[in-house]
Amino acid sequence: MSLLSFYSRNSVELLALTWQHVYLVVVSTGAAIVVGVPLGIALTRRPAWRAPVLGLANVFQTIPSLALLGFLIPFFGIGAWTAITALILYALLPIIRNTYTGIAGVDPAVREAGRGMGMTDGELLRLVELPLAAGVILAGIRVATVVSVGVATIGAAIGAGGLGVYIFRGVATVDDTLIMAGALPAALLALAADAVLGIAQRRLAWQR
Amino acid sequence: MTAAVDVRGLAYALPGDGRTLVQNVSFTVGPGETLVLLGRSGSGKTTTLKLINRLLEPTAGEVLVAGEPTAALEPTRLRRRIGYVIQEVGLFPHFTVAQNIGLVPRLERWPADRIAARVRELLALVGLDPAAFLSRYPHQLSGGQRQRVGVARALAADPPLLLLDEPFGALDPITRVELQREFRGLEGRLGKGMVFVTHDVREGLLLGTRIGLMHEGRLLFLGTPEEFRGSTQPEAVAFMSAVDPGPATEGPQGPRKSF
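Residues numbered from 1 in each chain as written. Chains lettered and ligands numbered in written order. Predicted model: local features only at pLDDT ≥ 70, side-chain atom pairs only at ≥ 80, totals over all residues. Heavy atoms only, no water.

A. Just the overall build of chain B, in detail. A count of helical and extended segments in chain B gives eleven helices and ten strands. Computed over C-alpha atoms, the radius of gyration of chain B comes to 20 Å, within 12% of the 18 Å expected from 2.2 N^0.38 for 259 residues, which places it in the range of a compact globule. Judged by the C-alpha coordinates and their principal axes, chain B covers about 65 × 50 × 40 Å. For chain B, contacts bridging at least 24 residues in sequence account for 67% of all contacts bridging at least 6. By element, 51% of the accessible surface of chain B is carried by carbon and sulfur atoms, the whole surface being about 12,100 Å². Within chain B, the 27 negative side-chain charges are centred at a point lying 4 Å from the centre of the 30 positive side-chain charges. (Helix = DSSP H or I, 4+ residues; strand = E, 2+ residues; numbered from the N terminus. Rg over C-alpha atoms; globule rule 2.2 N^0.38 Å. Contact = heavy atoms within 4.5 Å. Areas by Shrake-Rupley, 256 points an atom, 1.4 Å probe, with all protein chains shown as cover. Lys, Arg positive; Asp, Glu negative; His and termini not counted. Charge placed at Lys NZ, Arg CZ, Asp CG, Glu CD.)

In structure tokens form, the structure reads like this:
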């Protein structure tokens, strides 16, 4: 059976799985941004937290994704929330690290001038540090998103749905077309996310 | 008349090892006066400036800005009343010249038209054509233009006191002399109290109405440029001889001949 005829016969399912996939990625990356960006900012204010926080985020990255899902099942059961939790843990490191790096990379003279002119910490952050770090922070979000699209395929192993469903089904039945039916749209999603965030990064980043 | 700044028995010791960076420094700067703090690197000049605007907290002593004790003010409120210019300028690279200059008025919530008028006025004051420079970004400016914008930015909210930390130190010699001359003209017109840090004794003598010589955290000498030239204080003599080495006698290559 060719890929095209498979898609034409299963278009509703394809759309549903793609939607699930996007949902897993958007919710997890969104949550990772909500947690990671403030944490990255906190690290620039509390240098002592830097090593433990980045170290912990690093540890999550080193756990193989299938194993991480397995570890989380006792806590969250099977289904989308376990997959989302795992994806959040994976996305945290690039987001925290890039937020920290972006803000720490702001010219110290600019920061001193801002402080010396009487900017509060919040004003300095909002008007100077975040705009100047935006490009680097978005680069971290971009990496996190693209990685999430890939890792989310494994979510199918624990009943989270997504395009991984086709891949696992194809592996189980030794059906290349079925594997391709999941892998191809997942790859396209990753490319699309990369392109869109790349444009956002260029737009938002201050450039000389 | 209230002094722009009144510094009394100021001291600062590092929080860690308790090393003293500034010890018992006192001076008063009135409106229209420029006190030049002269000294070698590490003599405590910059630290003294930062103690005035509370980028560092004094361990002893008192500072009054326009008659008010700084310790009683919120540091951010205090700093908005003090112009601050640093050697690296520190313009915000993502702001235009107009946004850079208008920052403190914007933080103070001035109406937009008043900010715009003030920005134009200040650009003209520092010798930059408003029409040409308002919407430029810092990276589109030369070093000298950047520091002019830095000075304009410090003056934006019309502070009674200006702190300048080697503002012309990073400029090429020709631009530096140009800016020093113009700054000299500004001093008289503005009528503000200024504390100007430099290690360049020529600059100090040109711009200061008084010279304060700092060495190892102490103020060794405080007086007019004339008094400074005539001082027998060894550190002052060392600085003066750096300007005018006098007739060379036994140099490394033996006595020199004039051409």
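Next comes the rest of the account.
B. Just the packing of aromatic side chains, in detail. This model, assessed by the stated rule, comprises eight aromatic pairs over all chains. Between Phe-168 of chain B and Phe-183 of chain B, the ring centres sit 5.7 Å apart and the planes meet at 75°, which makes this aromatic pair edge-to-face. You can see Phe-168 of chain B sitting in the loop between β7 (161-165) and α8 (173-190) and its partner Phe-183 of chain B sitting in helix α8, a full 15 residues away along the chain. On the accessibility criterion, Phe-183 of chain B (3% relative accessible area) is buried. With 5.4 Å between their ring centres and 70° between their planes, Phe-221 of chain B and Phe-228 of chain B make a pair best called edge-to-face. Phe-228 of chain B matches Phe-221 of chain B in its accessibility class, with the two residues each being buried. Here a set of aromatic residues connected by ring pairs shows up, and it is made of Phe-6, Tyr-7 and Tyr-166 of chain A. In this structure, Arg-114 of chain B is placed above the aromatic ring of Trp-110 of chain B, and the distance from its NZ or CZ to the ring centre is 3.8 Å. (Phe/Tyr/Trp six-rings, centres within 6.5 Å; stacked < 30°, edge-to-face > 60°. Buried < 20%, exposed > 50% of the residue type's maximum accessible area, 1.4 Å probe, protein only. Lys NZ or Arg CZ within 6 Å of the ring centre and 35° of its normal.)

C. Spatial organisation of the pattern of salt bridges. Residue and element names in this part refer to chain B. Inspection of the entire model under this criterion finds 21 salt bridges over all chains. For Arg-19, the salt bridge is made with Asp-17, and the minimal N-O distance between the two is 3.8 Å. By relative accessible area, Arg-19 is classed as partly exposed at 49%. On the basis of relative accessibility, which here comes to 58%, the residue Asp-17 falls in the exposed class. A salt bridge links Arg-148 to Glu-182; the shortest N-O distance between them is 2.8 Å. Residue Arg-148 is located in helix α7 (residues 143-155), and its partner Glu-182 is located in helix α8; the two are separated by 34 residues in the primary sequence. Overall, Arg-148 belongs to the buried group, its relative accessible area being 10%. Exposure remark for Glu-182: the relative accessible area of 34% places this residue in the partly exposed category. (Salt bridge = Lys/Arg side-chain N within 4 Å of Asp/Glu carboxyl O.)

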